[in-house]
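Observations on chain architecture
As a plain string of letters, each chain reads:
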Amino acid sequence: MGNSRVKVWPPRSRSVQDDWLAWMPAEKDGVFEAIRADFDTANSMLSVSLNDAFRQREEGALGQAQNQAALLPDLFERLGLRVRAILGGLEQYHRHFGTLPNTAAVNPDFFRGATAQRTAWRSQLLAVVLFAERSRFFHKLHTLAEIVEDAQQEFRAAAEEIADGASVNPAAHWQALEVLHYDLNTCLCESIVLLKSFLCALPNAELTAFQQELQAGLSRPPKSRISQHW
């Protein structure tokens, strides 16, 4: 066989839940916590600004609430782009190196918006017939990225209606902001869980290459839809 190398994979956990509870080496744990901290920072900025806008509206300061609403789409976009970049990085790394994590189907009950629920229901039905683990993994990535992208577009449209004072049903648009933030946060949580499973399946020797792929994903514009070639 000469000097050919055989890739040594970590012991495989039985489920996503096992992965979530699993211990990881300090180097992997450091990567995971750094990414989660970045997500938390972006989500906190959005949450605080969104709560301020709702508080101003409840106090009757409608002009201030409208001005605050004008700032929200960029913060929502910032978090959404980060989630999609991580999902894209997982996809690209698997295509290059073959790392395949445990994957659980998307649960429609975890979402509140009509668009997100439709996408999740369609995903759940399709997941039943996807027997190959690789197909289920790519399908999960695509579903989450699709929900995030749709939420970004709907959130911006609702916020702009509020900020321009042009909404004929402002209460519905304000509710849409809250629901879409909830769905984005769900995708964020799903992505964090998926990242943990991916790190559990990643050979320790490939951690640096994986970090480089994720950094590359954060620095380039995300695809409009993650590839569906499973």
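This text goes with the structure placed above it.
Everything numeric here is computed off the predicted structure, so don't read it as measured data.

**Focus on the overall build of the chain**
- In terms of helices and strands, the chain carries seven helices and zero strands.
- The order of α-helices and β-strands along the chain, N terminus first, is α-α-α-α-α-α-α.
- Taking contacts inside the chain between residues at least 6 apart in sequence as the whole, the part at least 24 apart equals 83%.
- In the structure as shown, the chain presents an accessible area of about 11,800 Å², 54% of it carried by carbon and sulfur atoms.

**Looking at the packing of aromatic side chains**
- Counted under the stated rule, the structure contains nine aromatic pairs.
- When the centroid spacing of 5.4 Å and the interplanar angle of 85° are considered together, the rings of tyrosine 93 and phenylalanine 210 count as edge-to-face. With tyrosine 93 in helix H3 (residues 62–97) and phenylalanine 210 in helix H7 (residues 207–219), this residue pair connects regions lying 117 residues apart in the sequence. Of the two residues, tyrosine 93 and phenylalanine 210, both sit in the buried class.
- Here the aromatic residues Tyr93, Phe97, Phe137, Phe138, Phe198 and Phe210 are joined through ring pairs into a cluster of three or more.
- Here arginine 112 stacks its cationic end above the ring of tyrosine 182, 5.1 Å away from the centre of that ring.

**Things to note about the environment of valine 106**
- Topologically, valine 106 is positioned in the loop between H3 and helix H4 (114–127).
- What makes valine 106 buried here is its relative accessible area of 1%.
- The spacing of valine 106 and glutamine 117 is 11 residues in sequence and 10.0 Å in space, taken between C-alpha atoms.
- Not counting chain neighbours up to four residues away, the residues in contact with valine 106 comprise Phe111, Ala120, Ser123, Gln124, Lys140, Thr143 and Leu144.

**Some points on the pattern of salt bridges**
- Tallying each qualifying case throughout the model produces 10 salt bridges.
- In this structure, glutamate 33 engages arginine 36 in a salt bridge whose closest nitrogen and oxygen atoms are separated by 3.0 Å. You can see glutamate 33 and its partner arginine 36 sitting in helix H2 (residues 26–58), three residues apart, about one turn around the helix.
- A relative accessible area of 32% places glutamate 33 in the partly exposed class.

**Digging into the packing of H4 against helix H5 (residues 133–163)**
- Orientation of H4 relative to H5, taken along the N-to-C sense of each, is 170°, at an axis distance of 10 Å. When the axes of H4 and H5 are compared, the pair comes out roughly antiparallel. On H5, the residues that touch Thr115, Ala116, Thr119, Arg122, Ser123, Leu126 and Ala127 of H4 are Arg136, His139, Thr143, Glu146, Ile147, Asp150 and Glu154.
- Its residues assigned to classes, the contact of H4 with H5 comprises four nonpolar, five polar and five charged.

**Description of H5**
- For H5, with 31 residues, the first-to-last C-alpha span of 45 Å sits near the 45 Å given by 1.5 Å per residue.
- At the C-terminal side of H5, glycine 165 shows a positive phi close to 70°.

**Comments concerning the nonpolar core**
- Counting residues in hydrophobic clusters, the biggest one holds 54 residues, and the most contacted among them are Leu177 and Phe210.
- When residues of this core are traced back to their parent elements, those giving at least two are H2, H3, H4, H5, helix H6 (170–201) and H7.
- What leucine 177 contacts, discounting residues up to four positions off in sequence, is Leu50, Leu72, Phe155, Ala158, Ala159 and Ile162.

Rules and cut-offs
Residues numbered from 1 in each chain as written. Predicted model: local features only at pLDDT ≥ 70, side-chain atom pairs only at ≥ 80, totals over all residues. Heavy atoms only, no water. Helix = DSSP H or I, 4+ residues; strand = E, 2+ residues; numbered from the N terminus. Contact = heavy atoms within 4.5 Å. Areas by Shrake-Rupley, 256 points an atom, 1.4 Å probe, with all protein chains shown as cover. Phe/Tyr/Trp six-rings, centres within 6.5 Å; stacked < 30°, edge-to-face > 60°. Buried < 20%, exposed > 50% of the residue type's maximum accessible area, 1.4 Å probe, protein only. Lys NZ or Arg CZ within 6 Å of the ring centre and 35° of its normal. Salt bridge = Lys/Arg side-chain N within 4 Å of Asp/Glu carboxyl O. Axes fitted to C-alpha atoms, helices over the stretch in contact; angles between N-to-C directions. Parallel < 35°, antiparallel > 145°, perpendicular 65-115°, else oblique. Nonpolar A, V, L, I, M, F, W, Y, C, P; charged D, E, K, R; others polar. Expected span 1.5 Å × (residues − 1). Core = buried A, V, L, I, M, F, W, Y, C linked by side-chain atoms within 4.5 Å.

So, to be careful, I would describe these as geometric facts and stop short of saying anything about function.
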